[in-house]
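Below are the chains, spelled out letter by letter.
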Amino acid sequence: MSVASDIKKDPLTDVDRPESFDLTDALPSRPAMVYSSPGAFAKSFARRWKSIWTRRFALALFSGQVVSLCITCTNVTTTELVNRNWALPTTQTFFLYFSLFAIYTPYTMYQYGLRGWGNMVLRDGWKYFILAACDVEGNFLVVKGVLICVAGLGLLVVSDQITDKDWTALNRAKGDGFMIAGATLYGITNATEEFFVRKRPLYEVVGQLGLYGTLINGVQAAGLEHGAMKLASWNSMTIGLLVAYTSAMFILYTVAPMLYRLASSTYYNLSLLSSDFWGLLFGLFLYHYHPYWLYFIAFAVIISGLVTYFWYSTPEEQGTLNPVAPSYVNKRGAELVVPGSPSMA
């Protein structure tokens, strides 16, 4: 039996319907460690180790490396765009938000109905507007920081020092400031989005993020970059890089909310630490880097850390997970609920 078929049969890891994850019936816990004797300790250690490797954890570990690889792809494509005289950080992410809006918002309308979707926008739209604003500005500052630093791929600092790689920067302090500010907004966005996707369907959250992100990003791009758009190099190569960047970001924005449910936003951020290793692989083929042995050790340590993160607690214990459509929406396929009826309890 394939792993995919096993996963689909598990109600906790139904990747086709991630909004249906339900942890209220069972919250597994780790087996207790026994220290009374070396033999007892070894057996309890083996039981604890085996308990970590569930389908849910395997999906979380795999999803974390998918988003890490996507982050590396965005770094590579952004650097290549800068090298080709295309430096429009807001315009660069506009295509991402529009893609999220075009894919997930129509599906939300299909599930909620046009009236239900409109009610959701009127009642809860302000929450998603704040989420989108933080995310848009976080992307803007991070991409802007990359443009200023022009530091290429973010690889291991120790290895770069040992191999005498000294990346130059146009303005190191300003670039670092943008990166720190962007990372702060990312942290706020990730934690807030995790809160939302644990309570609402994934397509609603991502669709609203795409809707307001498109509006905010579009206004900002028109105001800040309308002149630079005329001077930027628009050719087949830059368009191809934009498509690659948008595709990687779309996958990231789709998988990340699922990872928030499978594990947590903290686990998501820890998974991104391995992006240095994936950056090395890109560097081997694109920039002909000569890998240093610390890269491989660092990657192994990171993966080990992602495993031991759940040594004491299970993914199910990271937080309450009960995503449902708003009570004022008659979701497609559901019975119409009359306010005041017993089914409302």
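Residues numbered from 1 in each chain as written. Predicted model: local features only at pLDDT ≥ 70, side-chain atom pairs only at ≥ 80, totals over all residues. Heavy atoms only, no water.

## A closer look at the packing of helix α3 (residues 55–83) against helix α8 (residues 236–262)
Next, step 1: Where α3 contacts α8, the two axes come as close as 8 Å, and the packing angle between them is 155 degrees. Relative to α8, the element α3 is oriented roughly antiparallel. As α3 packs across α8, the resulting crossing turns out to be left-handed.
Next, step 2: Taken together, the residues that form the contact of α3 with α8 break down as 20 nonpolar, six polar and three charged. (Axes fitted to C-alpha atoms, helices over the stretch in contact; angles between N-to-C directions. Helix = DSSP H or I, 4+ residues; strand = E, 2+ residues; numbered from the N terminus. Parallel < 35°, antiparallel > 145°, perpendicular 65-115°, else oblique. Left-handed = near helix turned anticlockwise from the far one by under 90°. Nonpolar A, V, L, I, M, F, W, Y, C, P; charged D, E, K, R; others polar.)

## A word on the packing of aromatic side chains
Next, step 1: Within the structure shown, the criterion is met by 26 aromatic pairs.
Next, step 2: Between Phe 45 and Trp 311 the ring centres are 5.1 Å apart and the planes differ by 45 degrees, which places this aromatic pair in the tilted class. Highlighted residues: Phe 45 in helix α2 (residues 38–52) and Trp 311 in the segment after α11 (293–308), separated in sequence by 266 residues.
Next, step 3: By relative accessible area, Trp 311 is classed as buried at 13%.
Next, step 4: Put simply, the rings of Trp 49, Trp 53, Phe 57, Tyr 267, Tyr 309 and Phe 310 touch in pairs and so form one group of aromatic residues.
Next, step 5: Above the plane of the ring of Trp 311 lies Arg 48, whose end atom (NZ or CZ) is 5.3 Å from the centre.
Next, step 6: Here Arg 123 stacks its cationic end above the ring of Tyr 328, 4.2 Å away from the centre of that ring. (Phe/Tyr/Trp six-rings, centres within 6.5 Å; stacked < 30°, edge-to-face > 60°. Buried < 20%, exposed > 50% of the residue type's maximum accessible area, 1.4 Å probe, protein only. Lys NZ or Arg CZ within 6 Å of the ring centre and 35° of its normal.)

## A few points about the confidence of the model for the protein chain
Next, step 1: Considering every residue of the protein chain, the mean pLDDT works out to 80; 78% of them sit at 70 or more.
Next, step 2: Per-element confidence in the protein chain ranges from a low mean pLDDT of 41 for helix α1 (residues 3–9) to a high of 94 for α8.
Next, step 3: The low-confidence segment residues 1–16, where pLDDT is below 50, has 27 contacts with residues more than four positions distant or belonging to other chains.
Next, step 4: Considering only residues more than four positions removed or in separate chains, one finds that residues 150–163, a stretch of pLDDT under 50, has 33 contacts. (pLDDT = per-residue confidence, 0-100. Contact = heavy atoms within 4.5 Å.)

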